[in-house]
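As a plain string of letters, each chain reads:
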Amino acid sequence: MPTLAIKTKNGKTAGDISLSDRVFGAERNIALMHQAVVAEQENWRQDTRNAPGRGDMLGGGRKPFKQKGTGRARQGSIVAPHWTGGGAAHGPHPRDLGHKINKKMRRAAVWSALSAKLADSEMVVVDGFDLDGKISTKTAANFLTEVTGGARKSLVVIDEGDEVTVKSLRNIAGVTIRVGKRISTRDVVDGGVVVITKAAAATLSGWADEKEEKEA
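Please read all numbers here as calculations on a predicted model, not as lab measurements.

Undergrad: It is not clear to me how the sheet that holds strand S2 (residues 13–18) should be interpreted in this structure. Could you clarify?
TA: The strand order across the open sheet built from 6 strands is S2-S1-S3-S6-S4-S5, with neighbouring strands paired in mixed fashion. Two strands lie at the open edges of the sheet, namely S2 and strand S5 (175–179), each paired on one side alone. Each adjacent strand pair in this sheet contributes to an overall mean axis angle of 30°, direction not counted. By the bridge criterion, 4 bridges tie strand S4 (residues 154–158) to strand S6 (residues 193–197) in an arrangement that is parallel. Looking at the pairing, Val156 lines up with Val195 of S6.

Undergrad: Honestly, the environment of Val194 in this entry has me stumped. Any pointers?
TA: Considering the arrangement of structural elements, one finds Val194 in strand S6. Here Val194 falls in the buried class, since its relative accessible area comes to 0%. The sequence separation of Val194 and Asp120 amounts to 74 residues, and the corresponding C-alpha distance is 11 Å.

Undergrad: I would appreciate a short explanation of helix H2 (residues 30–44) in the present structure.
TA: Every α-helical turn comprises 3.6 residues, leaving residues that sit three or four positions apart pointing alike. With 15 residues, H2 should cover 21 Å at 1.5 Å per step; its first-to-last C-alpha distance of 21 Å lies within 8% of that length. Taken as a whole, H2 has its buried residues at Leu32, Met33, Ala36, Val37 and Ala39. Seen from one end, H2 has its buried residues packed into an arc of 160°, which puts them on one side. Away from its buried face by more than 90 degrees, H2 exposes Ile30, Ala31 and His34. Looking at the buried positions of H2, the neighbouring elements they touch are helix H3 (103–119) and helix H6 (185–189).

Undergrad: Would you take a moment to explain the packing of H2 against H3 for this structure?
TA: To describe two helices that pack against each other, one gives the angle between their axes and the distance between the axes. Packing of H2 against H3 leaves a shortest axis separation of 9 Å and a crossing angle of 115°. The chirality of how H2 crosses H3 is left-handed. Across from Leu32, Met33, Gln35 and Ala36 in H2, the residues of H3 making contact are Met105, Ala108, Ala109, Ser112 and Ala113. In the contact of H2 with H3, the residues fall into 7 nonpolar, 2 polar and no charged.

Undergrad: Is there a simple way to explain the packing of aromatic side chains in this structure?
TA: For any pair of aromatic rings, the description rests on two quantities: the centre-to-centre distance and the angle between the ring planes. If you walk through the whole model with that rule in mind, you get 2 aromatic pairs. Each ring, one from Trp111 and one from Trp207, has its centre 5.8 Å from the other, and the planes form 85°; the classification is edge-to-face. Of this pair, Trp111 sits in helix H3 while Trp207 is found in helix H7 (residues 198–215), placing the two residues 96 residues apart along the sequence. There is no split in this pair, since Trp111 and Trp207 are both buried. With 5.6 Å between their ring centres and 70° between their planes, Phe129 and Phe143 make a pair best called edge-to-face. Taken together, the positions of Phe129 in the loop between strand S3 (123–126) and helix H4 (137–148) and Phe143 in helix H4 put the pair 14 residues apart, joining distant regions of the chain. Per residue, the accessibility class of Phe129 equals that of Phe143, and both read buried.

Undergrad: I tried to follow the pairing of S6 on my own but got confused; where do I start?
TA: Along any regular strand the residues' side chains alternate between the sheet's two faces. Taking burial as the measure, the 5 residues of S6 include 5 buried ones, the bulk of the element. The two faces of S6 match: Val193, Val195 and Thr197 on one face and Val194 and Ile196 on the other face are all buried.

Calculation rules
Residues numbered from 1 in each chain as written. Predicted model: local features only at pLDDT ≥ 70, side-chain atom pairs only at ≥ 80, totals over all residues. Heavy atoms only, no water. Pairing = 2+ DSSP bridges. Helix = DSSP H or I, 4+ residues; strand = E, 2+ residues; numbered from the N terminus. Axes fitted to C-alpha atoms, helices over the stretch in contact; angles between N-to-C directions. Buried < 20%, exposed > 50% of the residue type's maximum accessible area, 1.4 Å probe, protein only. Expected span 1.5 Å × (residues − 1). Arc of directions from axis to C-beta. Contact = heavy atoms within 4.5 Å. Left-handed = near helix turned anticlockwise from the far one by under 90°. Nonpolar A, V, L, I, M, F, W, Y, C, P; charged D, E, K, R; others polar. Phe/Tyr/Trp six-rings, centres within 6.5 Å; stacked < 30°, edge-to-face > 60°.

Laid out in structure tokens, this is it:
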């Protein structure tokens, strides 16, 4: 079972915390993590391309001139694709770009990503951000810089209802904030150093226990 020291300000620690071996000690599955990240990126895409076809154009209800006797090539409609101002032939239209990945795989990918961060020493557990219930971006930023060693990017995982921490961190460049189990593989992989509060770490560790209870 993985164990991490709970960091506080001035380089001090407030004991250790034991983490779930299933969530934080999983095998590093690169292929699964890649599949989960691709699925999330695809599901965020919006295909807004739309070229109107001849059926979407106004006019063209009758022949522009008679079939024979004009010396010109026969024409059936002025909205045909080869006419200026006509509808596009086989143009792009909005598509569903969704990429499905089932819940079990998505959860396993997050666990694999968290375990990889822990194995690479890119995870920190903190007791809090030394805010004492007051919103302070400066205090939170200084504490975050201290515990991450000045990392350029960091993913902060907090527990439900911690509005003071959210409002203190949300304007800091390079910081992503997520709540409890509402994190994705992309958040973890692309988040830099993962900073988890003690309460959130306990919630994530209980994630596997909840799954076992449902399967029992």
